[in-house]
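Geometric and topological summary
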Amino acid sequence: MKRLVILCCLLLAAAAYAQTPEPAVNYYVKDGTVQASDGTVYSIYGSDFPNISISNAQNTCLALNADPNLYYKDGRVVETVEEYESTGGTVTEKGVFARVFRELFTDEQIAALRSLRWPMTVMYAVNPEDGTTFEVSFVIGNYPELTSLPPDFYAKLERRLKEEVRWHVNDFSKQLKYVFGTTEVKFKQIPLTSELEEKPAE
């Protein structure tokens, strides 16, 4: 009888162990660089902090050690608060961020990210001449939901944002070499598949 009880306990323990989920892989566990399968290299900073910077190593305007100043096309630096406050712009397509993120994140991922305090901020370097995005960098919350996404995922997200996000900048900004844009991603505003279903007619 004792042998039977011990055997049952061992079987239950083995079953419980087998059902324990493996911890998520953290691709950004230390500062340095990581590489996507397409060859894109990302500089990682802040792995021990609440927020981690993921920046394409080819970035110049959005590099981790980049000059934070803006410049006129003739080389003069933008100096005054009034000048900086005069810069501005909006995206040309309403809902472009939600569309891109919905197409890359699953419903399960979006639902999980909705509960996080500050999941992701995306920064853009924009060409004032045509409103195109030529650099992208990410600041992600140090959460498993985001650190378990491989470099390939961020490379694809970066590529989609560069291809699809266009900006309408104001006249003052058109005097500059480049301007910056920032988006705090609000996953609560990104609809799940069930939320896209057509509402019944009243």
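Report follows, based on the coordinates. (Residues numbered from 1 in each chain as written. Predicted model: local features only at pLDDT ≥ 70, side-chain atom pairs only at ≥ 80, totals over all residues. Heavy atoms only, no water.)

Let's shift gears to the pairing of strand 1 (residues 32-35). Both faces of the sheet carry side chains from a regular strand, because those side chains alternate between them. Two strands pair when backbone bridges link them, and strand 1 and strand 2 (residues 41-45) are joined in this way by four bridges, in the antiparallel orientation. Looking at the pairing, G32 lines up with I44 of strand 2. Counting the residues in the hairpin turn of strand 1 and strand 2 gives five residues, including G39, whose phi is positive at 95°. (Pairing = 2+ DSSP bridges. Helix = DSSP H or I, 4+ residues; strand = E, 2+ residues; numbered from the N terminus.)

So, about the environment of E103. When you line up the elements, E103 lands in helix 3 (residues 96-104). Between the alpha carbons of E103 and L157 there is a distance of 9.8 Å; along the sequence they are 54 residues apart.

Now for the nonpolar core. Counting residues in each nonpolar core, the largest one holds 47 residues, and the members touching the most others are F101, F105, M120, F138, Y154 and L161. Residues within four places of M120 in sequence aside, it is in contact with F101, F105, F138, V139, I140, L146, Y154, L157, T183, E184 and V185. (Core = buried A, V, L, I, M, F, W, Y, C linked by side-chain atoms within 4.5 Å. Buried < 20%, exposed > 50% of the residue type's maximum accessible area, 1.4 Å probe, protein only. Contact = heavy atoms within 4.5 Å.)

Attention shifts here to the pairing of strand 3 (residues 51-56). Among the six residues of strand 3, five are classified as buried, and the element is accordingly described as predominantly covered. Where strand 2 lies against strand 3, four bridges are found, and the strand directions are antiparallel. Paired with Y45 across the bridge in strand 3 is S53. Two successive antiparallel strands, strand 2 and strand 3, enclose a turn made up of five residues, where G46 displays a positive phi of approximately 95°.

Looking at the element boundaries, R114 is found in the loop between helix 4 (107-113) and strand 5 (120-126). Classification of R114 by relative accessible area gives buried; the value is 18%. Within the local environment of R114, its side chain forms a polar contact with the backbone oxygen of I190, the two atoms lying 2.8 Å apart. With near-sequence residues (within four places) excluded, R114 lies in contact with F187, K188, I190, P191, L192 and E195. (Polar contact = N/O pair within 3.5 Å; in protein donor to acceptor, adjacent residues only side chain to side chain.)

Now for the packing of helix 3 against helix 6 (residues 151-164). Viewed as axis vectors pointing N to C, helix 3 and helix 6 meet at an angle of 150°, and their least axial separation amounts to 11 Å. Between helix 3 and helix 6, the interaxial angle falls into the category roughly antiparallel. Note that helix 3 runs across helix 6; the crossing there is right-handed. For the pair formed by helix 3 and helix 6, the contact residues are V96, F97, R99, V100, F101, E103 and L104 on the first element and F153, K156, L157, R160, L161 and E164 on the second. When grouped by side-chain class, the residues that make up the contact of helix 3 with helix 6 number eight nonpolar, no polar and five charged. (Axes fitted to C-alpha atoms, helices over the stretch in contact; angles between N-to-C directions. Parallel < 35°, antiparallel > 145°, perpendicular 65-115°, else oblique. Left-handed = near helix turned anticlockwise from the far one by under 90°. Nonpolar A, V, L, I, M, F, W, Y, C, P; charged D, E, K, R; others polar.)

Applying the stated criterion across every chain, the model contains ten salt bridges. Of the charged contacts in the structure, one is a salt bridge between R76 and D74, with a shortest N-O distance of 2.8 Å. Owing to a relative accessible area of 46%, R76 belongs among the partly exposed residues under this scheme. Ionic pairing is found between E164 and R99, a salt bridge with its closest N-O pair at 2.5 Å. Here the residue E164 occupies a position in helix 6, and R99 occupies one in helix 3, the gap between them amounting to 65 residues. Owing to a relative accessible area of 28%, R99 belongs among the partly exposed residues under this scheme. (Salt bridge = Lys/Arg side-chain N within 4 Å of Asp/Glu carboxyl O.)

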